[in-house]
Amino acid sequence: MTTNDPKGTALITGASSGIGAVYADRLAKRGYDLILVARNRDRLTALARRLAAETGRSVKTLPADLNDKADLARIEATLKTDGAITLLVNNAGVGGAGPLLGSDIDKMDDMIQLNVRALTRLTYAVAPGFVARGAGTIVNIASIVAISPETLNGVYGGSKAFVLAFSQSLQHELADKGVRVQAVLPGATATEFWDIAGLPVHNLPQSIVMTAEDLVDAALAGLDQGEVVTIPALPDKAEWDAYEAARRAMSGRLSNATPAARYGIAPSA
Ligand code: NAP
């Protein structure tokens, strides 16, 4: 679908490959101008040229290492000052498949910096402008490990649980200010992610692996349908709704002046 209806500009992190590159393709075809962010300048340039030629949209590239403070600050500055930006896709991320104790702590720290710190800072950079304009959308790419932390590396699961909780909290806080927030929870998706995580995707049963194209098309359909949390592979959405309803019902009982009776603690004073 190619449209001439201007949508503003989408800034996509991690746009040089995989899921981010498909978001770039789909959003340009939906009528967005693009700002593409990742470290690999050559890949960004090739994608930008192709999409500009195919869609006629303006496609800029901002090569940046989001784990580098100065680079991250440059992207934050763009998000703060470019009033044409209407959509932020926080997609850049890395994972790990190794067990916690078998993983290098410096690599785990880098993962937290990218998956958590960069995503948080970029959100803080863009959100005030969206609130001031009463419009804007933030799409955060989490993972199914956000709710299945026993799968893959624990720091990765923890980082994606942060992305999910942060997105839900943000949506709660910003929804009545005209800002939309969506968390996307991909299951296994056929991208270079798996090579970088140390477990090439051909090691997984192909029945559980989605293409990046199908994943992004479903995520955008979920966005169109107004979903706050989109789990493209989950067959029955009622399962997620029940899980959420149970969490929300329990949340009213999580704070009490006295410990639960099962602990046998006599109330102090
Ligand atoms: P991918 O193909 O490896 O893409 C990751 C992207 O992040 C690349 O564009 C990479 O570009 C960029 N990136 C990595 N480190 C960066 C840094 N320091 N600064 C800036 N950009 C950086 O993997 P993907 O599957 O598309 O991953 C996209 C998102 O989906 C991630 O957040 C991932 O956690 C999530 N996800 C993936 C799966 C899956 O099965 N594939 C499942 C659930 C969630 P450069 O190398 O050019 O910087």
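Here, the structure is the one placed above.
To keep things clear, this report deals only with the structure shown in the data block. Bear in mind the structure is a predicted one, so any value in this text is a computation, not a measurement.

**What about the site of the ligand?**
And step 1. In the vicinity of the ligand lie 31 residues, with I19, R39, N91, Y156 and T191 positioned nearest.
And step 2. D65 places a side-chain nitrogen or oxygen 2.9 Å from a nitrogen atom of the ligand.
And step 3. In the environment of the ligand, an oxygen atom lies 2.6 Å from a nitrogen or oxygen atom belonging to the side chain of T191.
And step 4. Isolated, the ligand exposes 870 Å² of accessible area, and the fraction of that covered by the protein chains is 94%.
And step 5. Mapped by element, the contributors of at least two residues to the shell around the ligand are helix 1 (18-29), helix 5 (154-174) and helix 6 (193-196).

**A look at the pairing of strand 3 (residues 59-63)**
And step 1. Here strand 2 (residues 33-38) pairs with strand 3 via five bridges, running parallel. When the sheet's bridge partners are listed, A38 is paired in strand 3 with P63.
And step 2. Handedness of the crossover is the feature at issue here: the chain leaves strand 2, passes through helix 2 (residues 41-55), returns alongside strand 3, and the resulting connection is right-handed.

**As for the pattern of salt bridges**
And step 1. A complete count under the given rule lists 15 salt bridges for this structure.
And step 2. Note that D25 and K29 form a salt bridge whose closest N and O atoms lie 2.9 Å from each other. A residue pair is termed a helical-turn pair when its members lie 3 or 4 positions apart in one helix, as D25 and K29 do in helix 1 at four residues.
And step 3. With a relative accessible area of 23%, K29 lands in the partly exposed category.
And step 4. A cluster of three or more residues bridged by salt bridges with shared partners is formed by D25, R26, K29, R50, E54 and D217.

**Description of the packing of aromatic side chains**
And step 1. A complete count under the given rule lists four aromatic pairs for this structure.
And step 2. A centroid spacing of 5.4 Å and a plane angle of 45° characterise the contact between Y156 and F193, whose relative ring orientation is tilted. Residue Y156 is located in helix 5, and its partner F193 is located in helix 6; the two are separated by 37 residues in the primary sequence. The same class applies to Y156 and to F193, which are both buried.
And step 3. An aromatic cluster is built from Y156, F193 and W194, whose rings are joined through pairwise contacts.

**Notes on the pairing of strand 1 (residues 9-13)**
On a regular strand, each side chain points to the face opposite its neighbour's, so the side chains alternate between the two faces of the sheet.
And step 1. Burial analysis of strand 1 places five of its five residues in the buried class, the great majority of the element.
And step 2. Here strand 1 shows two buried faces, one formed by T9, L11 and T13 and the other by A10 and I12.
And step 3. Across five bridges, strand 1 lies against strand 2 in parallel orientation. For L11, the partnering residue across the bridge sits in strand 2 and is I35.
And step 4. In this view, the connection linking strand 1 to its parallel neighbour strand 2 by way of helix 1 has right-handed handedness.

**Notes on helix 7 (residues 212-224)**
And step 1. Helix length check: helix 7 (13 residues) gives 18 Å between terminal C-alpha atoms against 18 Å at 1.5 Å per residue, within 8%.
And step 2. For helix 7, the full list of buried residues reads A212, L215, V216, A219, L220, G222 and L223. Each buried residue of helix 7 lies within a common arc of 155° when the element is viewed along its axis, so the set occupies one face.
And step 3. Buried residues belonging to helix 7 abut helix 1, strand 5 (136-141), strand 6 (179-184) and strand 7 (229-230).
And step 4. Just beyond helix 7, the residue with positive phi is G226, at close to 85°.

**A look at unusual backbone geometry**
And step 1. Here L152, not a glycine, exhibits a phi torsion of approximately 60°, which is positive.
And step 2. Relative to the helices and strands, L152 is located in the loop between strand 5 and helix 5.
And step 3. Judged by relative accessible area, L152 falls into the partly exposed class, the value being 26%.

**Topic: the sheet that holds strand 6**
And step 1. Spatially, the seven strands line up as an open sheet ordered 3-2-1-4-5-6-7, and their pairing is parallel. Each of the sheet's edge strands pairs with one partner strand only, and the pair in question is strand 3 and strand 7.

**Some remarks on a negative patch on the surface**
And step 1. A contiguous patch of negative charge on the surface is contributed by D104, D106, D109 and D110.
And step 2. For D106, the location among the structural elements is in helix 4 (residues 105-133).
And step 3. Overall, the relative accessible area of 52% leaves D106 in the exposed class.

**Comments concerning helix 2**
And step 1. With 15 residues, helix 2 extends 21 Å from end C-alpha to end C-alpha; this agrees with the ideal 21 Å at 1.5 Å per step.
And step 2. Buried within helix 2 we find L44, L47, A48, L51 and T55. Down the axis of helix 2, the sector holding all buried residues measures 105°, keeping them to one side. Counted as exposed and oriented over 90 degrees from the buried face of helix 2: D42, R49 and A53.

Cut-offs applied
- Residues numbered from 1 in each chain as written.
- Predicted model: local features only at pLDDT ≥ 70, side-chain atom pairs only at ≥ 80, totals over all residues.
- Heavy atoms only, no water.
- Near = heavy atom within 4 Å.
- Polar contact = N/O pair within 3.5 Å; in protein donor to acceptor, adjacent residues only side chain to side chain.
- Areas by Shrake-Rupley, 256 points an atom, 1.4 Å probe, with all protein chains shown as cover.
- Helix = DSSP H or I, 4+ residues; strand = E, 2+ residues; numbered from the N terminus.
- Pairing = 2+ DSSP bridges.
- Right-handed = clockwise from strand over helix to strand, strands pointing away.
- Salt bridge = Lys/Arg side-chain N within 4 Å of Asp/Glu carboxyl O.
- Buried < 20%, exposed > 50% of the residue type's maximum accessible area, 1.4 Å probe, protein only.
- Phe/Tyr/Trp six-rings, centres within 6.5 Å; stacked < 30°, edge-to-face > 60°.
- Expected span 1.5 Å × (residues − 1).
- Arc of directions from axis to C-beta.
- Contact = heavy atoms within 4.5 Å.
- Patch = residues over 30% accessible without salt bridge, like charges linked within 9 Å, V, L, I, M, F, W, Y side chains within 5 Å.
- Lys, Arg positive; Asp, Glu negative; His and termini not counted.
- Charge placed at Lys NZ, Arg CZ, Asp CG, Glu CD.

In short, shape yes, function no, at least from these values alone.
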